[in-house]
Amino acid sequence: MYQLACNMAKGNKRKLATLSVDEFLTSAFDSGSPSGSDAEETGAASKKKTRVRKKVKDGKGKKTLQPKTQEERKEKPKGAAQEHKEQLSRLKEKDPEFFKFLAENDQKLLNFDDTDSSDDDGENQLHVLPGELEVDSNDEEEEDQKETAPKSKKGRDLIPITIRMVESWREAAEAKLTYKLFHDIVMAFKAAVSTTKGDDNGQLGKYKVEDSSVFNALVSFCIQDLLSALQKVLQLKPDGKKRLLLPSSSSQWQKVRQDVSVYLAGLIQLLSSLTEVSVVSAVLRHMNDLVPYYLCFPKHTRVLLKAMVMQWSTGEETVRVLAFLILNKISRDKQDVYLNLVLKQMYVAYVKNCKFTSPNVLPMINFMQRSLTEMYALDYQATYQHAFIYIRQLAIHLRNAMTLKKKETYQSVYNWQFIHCLFLWCRLLSTVYPNDVLEPLIYPLTQVIIGCIKLLPTSRYYPLRLHCVRALTLLSDCTNTFIPVMPFLLEIIQQVDFNKKPGRMSVRPINFAVVLKLSTANLQEKAYRDGLIEQLYDLTLEYLHTQAHTIGFPELVLPATIQLKTFLKECKVANYCKQIRQLLEKVQENSSFITKRRQKATFGVVDKEAVASWEKEVKEEVSPLQKYYSSWKKLREKEIILEITGKERLEDLHFPEIKRRKLQESKEKDKKEFRDLFDSDSSSDDESCGFKSKGASKKSNEDIVKDLSGMDSEDAEEDEDDHLSFEDESDDEEKTSVKPSRAVAKMSHSELEGLAEGDEDVVEDLEFSDED
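Remember, it's a predicted structure, so these values are computed and weren't measured experimentally. (Residues numbered from 1 in each chain as written. Predicted model: local features only at pLDDT ≥ 70, side-chain atom pairs only at ≥ 80, totals over all residues. Heavy atoms only, no water.)

Draft legend 1. Quick peek at the overall build of the chain. When you go through the chain residue by residue, the secondary structure sums to 37 helices and two strands. Sorting the 772 residues of the chain into buried and exposed places 37% on the buried side. Taking contacts inside the chain between residues at least 6 apart in sequence as the whole, the part at least 24 apart equals 72%. Taken as a whole, the chain presents about 47,800 Å² of accessible surface, with 52% of it coming from carbon and sulfur. (Helix = DSSP H or I, 4+ residues; strand = E, 2+ residues; numbered from the N terminus. Buried < 20%, exposed > 50% of the residue type's maximum accessible area, 1.4 Å probe, protein only. Contact = heavy atoms within 4.5 Å. Areas by Shrake-Rupley, 256 points an atom, 1.4 Å probe, with all protein chains shown as cover.)

Have a look at this one:
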């Protein structure tokens, strides 16, 4: 009853102005539910409220709805409110108990003025929003602030990590690592890692790191001590198998799985931001121990493999080795999942990072070749697919260059990436031999290398030819396959004119190990021919050493022997002849050794097994060429080490410079020195004699020129050269040269003719030597 009265007083049920007291009392108790029209009005009012509230919440305007001004209220009629007061007074007379009840429980319903009444004039009764609506909008703003408050609050309330906290965590972890402690350590490590790249998202955790010393202490603690404590919690026991023991097999794994995932992701992020080699090496060693944990998270494992390939191809020497160990460890344990991915990524990284070659980079490229070869040796079936595709790709580049004959296609073959790829596959096939799966690739690879040599057979690309010959020698030696290499070397000896005088002086020797082509200026230098003879000597010796034990060695070296003998006859440079003659002697000695051993053989050429056993015996016995090669190899390796380090270059020795004085200055200085030196021993008479002798010498020289006018012009030129060559001598020497001139002046004409005859004898000797 009280509720009905309140609703009617507020105007939410019916229009009170149209009802009498009896109707009011009757209608109040007859129906407890609103009529259809009242329900529609109530619904419209509620919808209006909803629209207004929604507008305020959406923030389209934070303006609050103000109540209507007093002027607007005065304009409204006041009869309805007055009539309602009269009805309440009649209610007091007719039902004093109900009126008393209203007075005790709701004074506002009885004590109201005209402003409390609703607007009854319009057909659409609208609910006038009270002042609480402004409070409602403030509540909405407070809710929005509450949503954003946790972020700013967390940003303000992050706990700074101190060294004392890190030490307490270390002691607690050594005693017993609990799950809560491990979670706190991981959150602290995450906060530390987030500072390396300025990642604010990482600071949404519990801690923050503000000091570099705290960062170093925390990272050091995690790398050194956290893993051993975690192993104790998981209670992992090795089962004695070769495969890695995954921590997911532990019953406690699910309790630490999420924190371990965060920690592993943080390690990868930390590694990408480090530059110091020692720190990177320490992190990689720790990650190598964590490989079983990474294998439990395939997503982290793929990210780790990508990072390790980057370190393997671009890092320092120690970093490369540690990255390769991680790659090898993952690939061995999960070959079916990750091996193909790793091989592809490593090959692409190898090609990208061998674009430029220098003495410092060459050892790193060799390391990548050997390590990638070891990875390919894990699965021969997968290796065959990769090798077939990439060797075919090299062959396509070569075919395009041979057919199109354009500069761009030539450059696609004659570059370091192509050459290093050839070396990689030669090393792979040489390492895994004998292997039935990969052996069919030997022939196509050999054809690609030979085609590369013949593409541009000019002298500018002789260094590239030498690289290809070295790759063929390696492949032939390790696979027991005969490959005709000597023609490519003998062609160089035949085409290059080693007797031609160098057009220019060379500044430094040419390092053929890091050169693919030569410039026109290099071809005119003396260093080019010196280096070329050394390379031909080395490669010929290396190749013939691989065939020194074969039964057909004498026939193999016959063309080479003839070509080398021809070279010795034509070449006039002693240094070149010395090296080639030494090589020829060793080849002939080994050929005679094989011939003598072959004469004692009792089997025929058709018997392959007997030939193979005979060659094996000769190889174990060590032929003369093999003995010489072993001693030469040791010396050559030392020279290569010196070339790589650059210590063999004369310009690095810093020889003192010789400053030459001008001719006139040197003569005047020498005269002054000699004058001071012999001043005390000389006399005025000697000085006068000296002056007279000079004048006499001038006169005698004129007579000699007249008397010897009929002598050969060549002798006169030689005398002039002698005179010029001794022009720098001292005064004292000039005085001594005067005496023979006086003697010549006193000689008769017949004596002079005799001297002339003696000179003719010298000319005859010269003519005889020229004809010879």
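Draft legend 2. Highlighting the pattern of salt bridges. For the structure shown, the criterion picks out 11 salt bridges. Between aspartate 184 and lysine 206 there is a salt bridge whose closest N-O contact spans 3.8 Å. On the criterion of sequence distance, the pair formed by aspartate 184 in helix 10 (residues 179–194) and lysine 206 in the loop between helix 10 and strand 2 (207–208) is long-range, its members being 22 residues apart. The class for aspartate 184 is buried, based on a relative accessible area of 9%. Classification of lysine 206 as partly exposed rests on a relative accessible area of 37%. Among the salt bridges present, the one from glutamate 555 reaches arginine 598, with a minimum N-O distance of 3.0 Å. One end of the pair, glutamate 555, is in helix 27 (residues 553–556); the other, arginine 598, is in helix 29 (residues 574–599), and 43 residues separate them in sequence. For glutamate 555, a relative accessible area of 48% translates into the label partly exposed. A network of salt bridges, in which partner residues are shared, links Glu167, Arg170 and Asp225. (Salt bridge = Lys/Arg side-chain N within 4 Å of Asp/Glu carboxyl O.)

Draft legend 3. Fine view of the environment of serine 623. Tracing the chain through its elements places serine 623 in the loop between helix 30 (608–621) and helix 31 (624–645). The class for serine 623 is buried, based on a relative accessible area of 0%. Taking the C-alpha atoms as reference, serine 623 lies 8.2 Å from isoleucine 594; in sequence the two are 29 residues apart. The contacts of serine 623, once residues within four sequence positions are left out, are Ala548, Asn590, Phe593 and Val618. Side chain to side chain, serine 623 and asparagine 590 meet in a polar contact 2.9 Å long. (Polar contact = N/O pair within 3.5 Å; in protein donor to acceptor, adjacent residues only side chain to side chain.)

Draft legend 4. Quick peek at the packing of aromatic side chains. Applying the stated criterion to the full structure yields 13 aromatic pairs. A ring pair is formed by tyrosine 376 and tryptophan 425, whose centres lie 5.4 Å apart and whose planes are at 50°; its orientation type is tilted. Separated by 49 residues along the polypeptide, tyrosine 376 in helix 18 (residues 362–376) and tryptophan 425 in helix 21 (residues 416–432) bring together distant segments of the chain. Taken together, the ring pairs connect Tyr347, Tyr376, Tyr390 and Trp425 into an aromatic cluster. (Phe/Tyr/Trp six-rings, centres within 6.5 Å; stacked < 30°, edge-to-face > 60°.)

Draft legend 5. Examining the packing of helix 23 (residues 462–479) against helix 26 (residues 526–546) more closely. Relative orientation of the contacting elements helix 23 and helix 26 amounts to 15°, with a least axis distance of 10 Å. By the angle between their axes, helix 23 is roughly parallel relative to helix 26. As for how helix 23 packs across helix 26, the hand of that crossing is left-handed. Between helix 23, through Tyr462, Leu466, Val469, Arg470, Thr473, Ser476 and Asp477, and helix 26, the contact on the second element is made entirely by Tyr528, Leu532, Gln535, Leu539, Glu542, Tyr543 and Thr546. For the contact of helix 23 with helix 26, a count of residues per class yields seven nonpolar, four polar and three charged. (Axes fitted to C-alpha atoms, helices over the stretch in contact; angles between N-to-C directions. Parallel < 35°, antiparallel > 145°, perpendicular 65-115°, else oblique. Left-handed = near helix turned anticlockwise from the far one by under 90°. Nonpolar A, V, L, I, M, F, W, Y, C, P; charged D, E, K, R; others polar.)

Draft legend 6. Examining the environment of serine 194 more closely. Within the secondary structure, serine 194 sits in helix 10. Each C-alpha atom of the pair serine 194 and valine 209 lies 9.1 Å from the other, and the pair is 15 residues apart in sequence. A polar side-chain atom of serine 194 sits 2.6 Å from the main-chain carbonyl oxygen of alanine 191.

Draft legend 7. Representation of helix 28 (residues 558–570). Counted at 1.5 Å a residue, the expected span for helix 28 with its 13 residues is 18 Å, and the 19 Å between its end C-alpha atoms agrees. Along helix 28, the positions that sit buried rather than exposed are Ala560, Thr561, Gln563, Leu564, Phe567 and Leu568. The arc enclosing the buried residues of helix 28, seen along the axis, measures out at 165°, which places them on a common side. In this structure, helix 28 carries Leu558, Ile562, Lys569 and Glu570 as exposed residues pointing more than 90 degrees from its buried face. Where helix 28 is buried, its residues contact helix 24 (486–495), helix 26 and helix 29. (Expected span 1.5 Å × (residues − 1). Arc of directions from axis to C-beta.)

Draft legend 8. Highlighting the confidence of the model for the chain. Averaged over every residue, the pLDDT of the chain is 76; residues scoring 70 or more account for 65%. By mean pLDDT, the top-scoring element of the chain is helix 21 (97), and the lowest-scoring one is helix 35 (residues 731–736) (40). Overall, residues 1–6 carries pLDDT values under 50, and its contacts beyond four positions in sequence, including any with other chains, amount to 11 contacts. When the criterion is pLDDT under 50, residues 8–14 qualifies, and its contacts beyond four places in sequence or with other chains add up to 16 contacts. (pLDDT = per-residue confidence, 0-100.)

Draft legend 9. Fine view of unusual backbone geometry. In the segment running from tyrosine 433 into proline 434, the intervening peptide bond is cis, with an omega of -5°. Counting through the fold element by element, proline 434 comes out in the loop between helix 21 and helix 22 (442–455). The backbone phi angle of lysine 405 is positive, close to 55°, even though this residue is not glycine. The topology assignment puts lysine 405 in the loop between helix 19 (380–404) and helix 20 (407–413). The phi dihedral of asparagine 480 falls on the positive side, at around 55°, and the residue is not glycine. Of note, asparagine 480 is situated in the loop between helix 23 and helix 24.

Draft legend 10. A look at the side chain of threonine 301. In this fold, threonine 301 is placed in helix 15 (residues 298–314). On the basis of relative accessible area, threonine 301 is assigned to the buried category, the value being 0%. Excluding residues within four positions of it along the chain, threonine 301 makes contact with Tyr294, Leu295, Ile330 and Tyr338.

Draft legend 11. How the structure looks around the nonpolar core. Leu177, Met287, Met308, Trp312 and Trp425 are the most contacted members of the largest nonpolar core, which totals 168 residues. Ranked by residues supplied to this core, first place goes to helix 11 (residues 212–234) with 14 residues. When near neighbours in sequence (up to four residues on either side) are disregarded, methionine 287 contacts Leu267, Ile268, Leu271, Tyr294, Leu304, Met308 and Ile326. (Core = buried A, V, L, I, M, F, W, Y, C linked by side-chain atoms within 4.5 Å.)

Draft legend 12. Up close: the environment of serine 358. By the secondary structure assignment, serine 358 is in the loop between helix 17 (335–352) and helix 18. The partly exposed category is assigned to serine 358, whose relative accessible area is 24%. When the C-alpha atoms of serine 358 and alanine 513 are compared, they prove to be 8.5 Å apart, with 155 residues separating the residues in sequence.

Draft legend 13. Fine view of the packing of helix 11 against helix 12 (residues 253–273). Interhelical geometry of helix 11 versus helix 12 gives an angle of 150° and a closest axis separation of 13 Å. Note that helix 11 runs across helix 12; the crossing there is left-handed. Residues Phe215, Val219, Cys222, Ile223, Leu226, Leu230 and Leu234 of helix 11 touch helix 12, and the partners they reach there are Trp253, Val256, Val260, Tyr263 and Leu270. For the contact of helix 11 with helix 12, the per-class residue count stands at 12 nonpolar, no polar and no charged.

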